[in-house]
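Breakdown of the fold
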Amino acid sequence: MLVGRFLKVQNEDIAALYIAWDEKRFSDVKKIAHKMKGAALMVGAIDFSTACKNIEHHDVEDSDTMQKEYQRLLKSSENLCARMLELMR
C-alpha cells in the first residue's frame, strides 16, 4: 500500500518537476525537490533523497552543474521506482 501510494505521488511530482524545469521556474523545481526528499526519506530511499537535496540547495546560477544534478535526480527516481515496482510483484 505504501509503495503504491509513493509511486503514484512520485509520478505526479516528476511530471510537475519536468514542467517547472522546462519553464525555468527554478524556485518551483526546488520546492518539488523538497517535497520529494521528504517522501523519499519516509520510504528509506536515502540516495534519492540526497539527489533531491542537491537540487533543493543548489545555486541556479551554476547552470551546468544544476543540469547534471537534475539529470541525476531523474535517473535516481527512475531507478527507485523500478526497484519498488519489483517489490510489488
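Now for a description of the structure that goes with this document. (Residues numbered from 1 in each chain as written. Predicted model: local features only at pLDDT ≥ 70, side-chain atom pairs only at ≥ 80, totals over all residues. Heavy atoms only, no water.)

**Digging into unusual backbone geometry**
We note that K24 has phi near 60°; this positive angle belongs to a residue other than glycine. Looking at where K24 falls in the secondary structure, it is placed in the loop between α1 (2-22) and α2 (26-42). (Helix = DSSP H or I, 4+ residues; strand = E, 2+ residues; numbered from the N terminus.)

**Comments concerning the packing of aromatic side chains**
Scanning all chains against the criterion turns up 2 aromatic pairs. Where W21 meets F26, the ring centres are 5.3 Å apart and the plane angle is 80°; that geometry is what we call edge-to-face. The exposure class of F26 is partly exposed, given its relative accessible area of 21%. Ring centres 3.9 Å apart and planes at 0° place the aromatic pair W21 and Y70 in the stacked group. Taken together, the residues span a long stretch of sequence, with W21 in helix α1 and Y70 in helix α4 (residues 63-88) at a distance of 49 residues. For the pair formed by W21 and Y70, the shared burial category is buried. Following the ring pairs from residue to residue traces out a cluster consisting of W21, F26 and Y70. (Phe/Tyr/Trp six-rings, centres within 6.5 Å; stacked < 30°, edge-to-face > 60°. Buried < 20%, exposed > 50% of the residue type's maximum accessible area, 1.4 Å probe, protein only.)

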